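Residues per chain are reported as follows:
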Amino acid sequence: MSKEDRPKCDTLVKDLKAGSKNLSMVLIILEIGKVTITKDGHELRTAKVADKSASINLTVWDKPGTLLQPGDIIRLQKAYANMFKNSLTLYVGKGGELQKVGDFCLVFSETPNMSDIVLDDVPQNQNQKR
């Protein structure tokens, strides 16, 4: 396994940039947005998550999203960050994992919200399409 293919050890939200990939993170779910159904029938949920450094939006597809609750502490493996509608967003990649590891007991910071920060130097063609 090459160095680039190995998951990074617990990346902090404040260090995320568009194009960050193969991330390992522990986060707390602060709130869950409404469900959106895509035109091909997939369920899409966006949750506000945080660690001790900042918060960010996490987008989860299909069944894993139905299991999330505010206060859950989750570990992401093979996650990546990209831009969606000019907002930095966190995703779980193919072959990635989202696992509940606890609840309510995690120090976190809601500010800065990395999804609210406008990134001027990111080309628009980096928007992730599914």
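Cut-offs and rules
- Residues numbered from 1 in each chain as written.
- Predicted model: local features only at pLDDT ≥ 70, side-chain atom pairs only at ≥ 80, totals over all residues.
- Heavy atoms only, no water.
- Helix = DSSP H or I, 4+ residues; strand = E, 2+ residues; numbered from the N terminus.
- Buried < 20%, exposed > 50% of the residue type's maximum accessible area, 1.4 Å probe, protein only.
- Contact = heavy atoms within 4.5 Å.
- Phe/Tyr/Trp six-rings, centres within 6.5 Å; stacked < 30°, edge-to-face > 60°.
- pLDDT = per-residue confidence, 0-100.
- Salt bridge = Lys/Arg side-chain N within 4 Å of Asp/Glu carboxyl O.

### Some thoughts on the overall build of the protein chain
Alright, step 1. A tally of regular secondary structure across the protein chain gives one helix and six strands.
Alright, step 2. Across the protein chain, helices and strands are ordered from the amino to the carboxyl terminus as β-β-β-β-α-β-β.
Alright, step 3. Classification of the 130 residues of the protein chain by burial places 38% in the buried group.
Alright, step 4. When contacts within the protein chain are restricted to residue pairs at least 6 apart in sequence, long-range pairs at least 24 apart make up 60% of them.

### Focus: the packing of aromatic side chains
Alright, step 1. If you walk through the whole model with that rule in mind, you get one aromatic pair.
Alright, step 2. Geometrically, the ring pair formed by Y80 and Y91 is stacked, given 5.2 Å between the ring centres and 20° between the ring planes. With Y80 in strand β5 (residues 72-84) and Y91 in strand β6 (residues 87-103), this pair connects stretches of sequence that are eleven residues apart.
Alright, step 3. The class for Y91 is buried, based on a relative accessible area of 6%.

### Some words on the confidence of the model for the protein chain
Alright, step 1. Summing up the model confidence of the protein chain, the mean pLDDT is 80 and the portion of residues at 70 or higher is 81%.
Alright, step 2. Scored below 50 in pLDDT, residues 1-8 makes twelve contacts in the model with residues more than four places away or belonging to other chains.
Alright, step 3. Long-range and interchain partners of residues 122-130, a stretch whose pLDDT sits below 50, account for 15 contacts in this model, where long-range means more than four residues apart.

### What about the pattern of salt bridges?
Alright, step 1. The final tally for this structure, using the stated rule, is four salt bridges.
Alright, step 2. Put simply, D10 and R75 hold a salt bridge, and the shortest N to O gap is 2.9 Å. Pair noted here: D10 is in the segment before β1 (23-32) and R75 is in strand β5, with a separation of 65 residues, a long-range link.
Alright, step 3. The shortest N-O distance in the salt bridge between K100 and D72 comes to 3.3 Å. Of this pair, K100 sits in strand β6 while D72 sits in strand β5; the two residues are 28 residues apart in sequence, bridging distant segments of the chain.

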